[in-house]
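# Secondary and tertiary structure notes
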Amino acid sequence: MKSSIQRFFGFGEESKSSEIEIKDEKGHHEEVRLIPVTDIVPNPFQPRTIFSDEKIEELARTIHTHGILQPIVVREREGKFELIAGERRWRAVQSLEWTEIPALVKEFNDAQTASLALIENLQREELTVIEEARAYKQLIDWHSLTQESLAQRLGKGQSTIANKLRLLSLPESVQQALLNRQISERHARALIRLKEDPSLQEQLLQEVVEHGYNVKQTEEAAVRLLEAKEPSDEPKKKRARKQHFPKDMRIAMNTIRESLSMVEKSGMNVDSSEEEHDEYYQFTIRIPKK
């Protein structure tokens, strides 16, 4: 029995017709065409930059046994067919040395193509967090969206979008480590604490990779690096004096710091600073309106 997808598109591996007429969800007629594999070029807006050879081989075996159950989606560009969705299927049939592949030919602009490529990959949850962040930024730029409007379109929380985008402020070496899955998103967010000194971020990245730090160890190391750097940046401040603060004051200060940390973790970019004076300790907090 054919799968529901196969029945919907009305074809399987046995199909020999070069054009098959189907209807989309609005009842409009569309054609599934068998197009030459060599006439297809990759999608320049493909958010995924790393493809697992093992996964492609697994897909190729499935296609060899069951055929293509869902056509790829392409658009015509300069005598070629540019991929919109289905790059893994295209790579798999290349490994099988097929000469043709079923495809839906669409007329999409660049912004639509980028959006569909991202959505296809998000549905499969195979993007690395840095690929996802770069794709979000591309969508915001292409469609002139706010983080909130993008979140609504994708059915995600605004804080989720904001947290992903913050990863793009990290040095290229850290982004590459995320791309290669050497560190997790939570490791990377710990490194963001060192945003004022990219060299420290790279130093901590090397420690994390070499010693296999978990997230808690990474966060503790980030705090340690900040404390070690503070005297050289602010020689007038003597951290040793903090131990003489009354207990109630220490509790109040730690509560404020923890609250700021929670706000930042929610995705809001809060700019804060601390100053010690003779008669009081001052926190300055700036929250952007946009």
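Residues numbered from 1 in each chain as written. Predicted model: local features only at pLDDT ≥ 70, side-chain atom pairs only at ≥ 80, totals over all residues. Heavy atoms only, no water.

Per an unreviewed UniProt entry, the chain carries the name ParB family chromosome partitioning protein and comes from Geomicrobium sediminis. What UniProt records for the chain under Sequence similarities (unreviewed entry) is the sentence "Belongs to the ParB family." (UniProt positions renumbered as here; feature names shortened; annotations may be inferred.)

With that settled, consider the overall build of the chain. For the chain, the count of helices and strands is twelve helices and eight strands. Excluding contacts between residues fewer than 6 apart, the proportion of contacts in the chain whose partners are at least 24 apart in sequence is 63%. (Helix = DSSP H or I, 4+ residues; strand = E, 2+ residues; numbered from the N terminus. Contact = heavy atoms within 4.5 Å.)

The residue N43 is located in the loop between strand 3 (40-41) and helix 2 (53-66) in this model. Residue classification places N43 among the buried positions, given a relative accessible area of 6%. A polar side-chain atom of N43 sits 3.4 Å from the main-chain carbonyl oxygen of L83. If we ignore the near neighbours within four places in the chain, the residues touching N43 are E82, L83, I84, E87, T113 and A117. (Buried < 20%, exposed > 50% of the residue type's maximum accessible area, 1.4 Å probe, protein only. Polar contact = N/O pair within 3.5 Å; in protein donor to acceptor, adjacent residues only side chain to side chain.)

To continue, consider a negative patch on the surface. Where like charges cluster on the molecular surface, the negative patch consists of D53, E54, E57 and E58. In this fold, E54 is placed in helix 2. (Patch = residues over 30% accessible without salt bridge, like charges linked within 9 Å, V, L, I, M, F, W, Y side chains within 5 Å. Areas by Shrake-Rupley, 256 points an atom, 1.4 Å probe, with all protein chains shown as cover. Salt bridge = Lys/Arg side-chain N within 4 Å of Asp/Glu carboxyl O. Lys, Arg positive; Asp, Glu negative; His and termini not counted. Charge placed at Lys NZ, Arg CZ, Asp CG, Glu CD.)

Quick look at the pairing of strand 4 (residues 72-77) now. Regular strands show a simple pattern: their side chains alternate between the two faces of the sheet. In this structure, strand 4 lies alongside strand 6 (residues 100-105), joined through three bridges in parallel fashion. Residue pairing in the sheet places I72 in a bridge with A103 of strand 6. For strand 4 and strand 5 (residues 80-85), the ladder comprises five bridges, and the chain directions are antiparallel. Pairing of R77 across the sheet is with K80, part of strand 5. (Pairing = 2+ DSSP bridges.)

Here the focus is the pattern of salt bridges. Scanning the entire structure with this criterion turns up eight salt bridges. R33 serves as the salt-bridge partner of E76, at 4.0 Å between the closest nitrogen and oxygen. Highlighted residues: E76 in strand 4 and R33 in strand 2 (residues 29-36), separated in sequence by 43 residues. Judged by its relative accessible area of 41%, E76 is partly exposed. Overall, R33 belongs to the partly exposed group, its relative accessible area being 25%. A salt bridge links D39 to K80; the shortest N-O distance between them is 3.9 Å. Pair noted here: D39 is in the loop between strand 2 and strand 3 and K80 is in strand 5, with a separation of 41 residues, a long-range link.

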